[in-house]
Amino acid sequence: MTNGPKVTILYGSQTGTAQDVARRISKDLLRRHVPSTVRSLDDYEVLNLQQERFLIFCASTSGRGEVPDNMRAFWTTLLNKKFSSPEFLQGVQFAVFGLGDSSYASFNFVAKRLFNRLQNIGGTPIVPRGDGDDQAALGLESALIPWLAELYRHLLMAFPLYGRSIIPDDVLLPPILKVRASQESLPSDIDPLIARSTNPDDHFSFRKPFPARIIENCRLTATDWHQDVRHIVFDITGSNLSFRPGDAVNIIARNSDSDACAFLTFMGFDPNMVIEIDGETDLPSRSRLVDLMKDHFEIMGTGRTSFFEAISHFASDAMQKDKLREYCTPEGQSQVGVSLRFLTKDSRWKNSS
């Protein structure tokens, strides 16, 4: 089966939501015994599209209808004239799901252009384009759930179950990454996030951010008002960055050293432990645990649906397990953020420091 046809899932994501949807599709396909791979679009060669049989694209729209950072190179190449033949993707079937916000004029502009381009160069749609909308009653789920149902129905025609059962959602799937402790040490005085940004002539992105210093942070709303609206000024001297009114800025939020260390200590890990990671991931292949918690995990934020689905398998308390599973449903998502006190045992780890 591993040597036969597979589904290739490609994503263009600015904040991680499209990537999360791509991973979700891959897990759903695994439960249906359909082999798949997940890649960022900029980590994929356009020429390889011809070798695929089934392609699924998850693409978000950023700014004024712009492609996400990790899709720029792919999109530029795909528009090249040498890939404009109407037979270029002959025999290739594809599906596109867009992630956007209908309150913007450029709603799902990237997904629409991508769908049209793939069709114009010979690709055959498996299902109509899906348009996820943050403004819908259930957010992206309003469009995603029925779109996925139709997609899986068509894919199971190409990948029959042959008497096998779909693996239930309450069964834990095998891990996609291999993590092991490393005997090597890493210097603690080098900031790995800032170390990615070395050449100001490069295009700054999530992978290569520019370390801007905040030089002004003023609250605009009254202190007794429930909304905290602020005017923030960043020093971008030496970045070669330019902007116009209406542009959006992406800020990579970091957890503090104290929060990261408190969380790891509560979980029984040495914050300075170095681990090695193998597999398809945007995470560094070698890192200290504290650096991973600071720069790559939202330990202080509200988890995505995939987070609640994953940890539900490890909940020993029946009430917690049921509640976590409820958070995985579109209806349950509205409750997330209201109260997660039952998960953190009144934030014991936060107070452990």
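Residues numbered from 1 in each chain as written. Predicted model: local features only at pLDDT ≥ 70, side-chain atom pairs only at ≥ 80, totals over all residues. Heavy atoms only, no water.

Caption draft 1: Representation of the overall build of the chain. For the chain, the count of helices and strands is 12 helices and 11 strands. Relative to its 353 residues, the chain shows a buried fraction of 36%. Considering only intrachain contacts with a sequence separation of at least 6, the fraction spanning at least 24 residues in the chain is 70%. Counting every atom, the chain has about 20400 Å² of accessible surface; 53% of that belongs to carbon and sulfur. (Helix = DSSP H or I, 4+ residues; strand = E, 2+ residues; numbered from the N terminus. Buried < 20%, exposed > 50% of the residue type's maximum accessible area, 1.4 Å probe, protein only. Contact = heavy atoms within 4.5 Å. Areas by Shrake-Rupley, 256 points an atom, 1.4 Å probe, with all protein chains shown as cover.)

Caption draft 2: Focus on a nonpolar patch on the surface. Residues Phe266, Met267 and Phe269 make up a contiguous nonpolar surface patch of about 290 Å² in total accessible area. Its location among the elements puts methionine 267 in the loop between helix H6 (257–266) and strand S10 (274–278). (Patch = residues over 30% accessible without salt bridge, like charges linked within 9 Å, V, L, I, M, F, W, Y side chains within 5 Å. Salt bridge = Lys/Arg side-chain N within 4 Å of Asp/Glu carboxyl O.)

Caption draft 3: The pattern of salt bridges, seen in detail. Enumeration according to the criterion identifies 17 salt bridges in this entry. The salt bridge partner of arginine 31 is aspartate 169, with a shortest N-O separation of 3.7 Å. Here the residue arginine 31 occupies a position in helix H1 (residues 17–31), and aspartate 169 occupies one in the loop between helix H4 (141–158) and strand S7 (178–181), the gap between them amounting to 138 residues. Residue arginine 288 is joined to aspartate 291 by a salt bridge in which the shortest nitrogen-to-oxygen separation is 3.1 Å. Aspartate 291 carries the same exposure label as arginine 288, and that label is buried.

Caption draft 4: Molecular detail of helix H9 (residues 318–327). Three or more residues of H9 are buried, namely Gln320, Leu324 and Tyr327. In a view along the axis of H9, the buried residues occupy a sector of 55°, so they form one face of it. Among the exposed residues of H9, those oriented more than 90 degrees off its buried face are Ala318, Met319 and Asp322. For H9, the side-chain oxygen to backbone nitrogen distance between the N-cap and methionine 319 is 2.9 Å, and the N-cap itself is aspartate 317. (Arc of directions from axis to C-beta. Polar contact = N/O pair within 3.5 Å; in protein donor to acceptor, adjacent residues only side chain to side chain.)

Caption draft 5: Layout of the pairing of S10. The element S10 is largely enclosed, with a buried count of four among its five residues. Bridge analysis of S7 against S10 gives four bridges, and the strand direction is antiparallel. Bridge pairing in S10 links alanine 181 to isoleucine 275. (Pairing = 2+ DSSP bridges.)

Caption draft 6: The confidence of the model for the chain, seen in detail. Confidence in the prediction for the chain averages 87 pLDDT; 89% of positions are at 70 or higher. In the model of the chain, helix H11 (residues 341–344) stands out as the element of lowest mean pLDDT, 43, in contrast to strand S5 (residues 124–125), which has the highest, 98. Under a pLDDT of 50 for its full length, residues 338–349 has, in the predicted model, 20 contacts with residues more than four places off or in other chains. (pLDDT = per-residue confidence, 0-100.)

Caption draft 7: Spotlight on the environment of leucine 99. Position of leucine 99 relative to the elements: it lies in strand S4 (residues 93–100). Separated by 38 residues in the primary sequence, leucine 99 and threonine 61 place their C-alpha atoms 6.6 Å from one another. Once residues within four sequence positions are removed from consideration, leucine 99 is found in contact with Thr17, Ala18, Val21, Cys58, Ala59, Ser60, Thr61, Asn108, Gly132 and Leu140.

Caption draft 8: Region of the structure containing the packing of helix H8 (residues 305–312) against H9. Between H8 and H9, the shortest axis-to-axis distance is 8 Å and the interhelical angle comes to 155°. One element, H8, and the other, H9, form an angle in the roughly antiparallel class. The handedness of the crossing between H8 and H9 is left-handed. Residues Phe308, Glu309, Ile311 and Ser312 of H8 form the contact with H9, whose participating residues are Lys321, Leu324, Arg325 and Tyr327. The residue makeup of the contact of H8 with H9, split by class, is four nonpolar, one polar and three charged. (Axes fitted to C-alpha atoms, helices over the stretch in contact; angles between N-to-C directions. Parallel < 35°, antiparallel > 145°, perpendicular 65-115°, else oblique. Left-handed = near helix turned anticlockwise from the far one by under 90°. Nonpolar A, V, L, I, M, F, W, Y, C, P; charged D, E, K, R; others polar.)

Caption draft 9: Representation of the sheet that holds strand S11 (residues 286–288) within the structure. If you trace the three strands from one edge of the open sheet to the other, you get S7-S10-S11, paired in antiparallel fashion. The open sheet terminates on both sides in strands that have one partner only, identified here as S7 and S11. Across the sheet, the mean angle from the axis of one strand to that of its neighbour is 30°, orientation sign disregarded. The sheet contact formed by S10 and S11 spans three bridges and is antiparallel. Looking across to S11, one finds that valine 274 is bridged to arginine 288.

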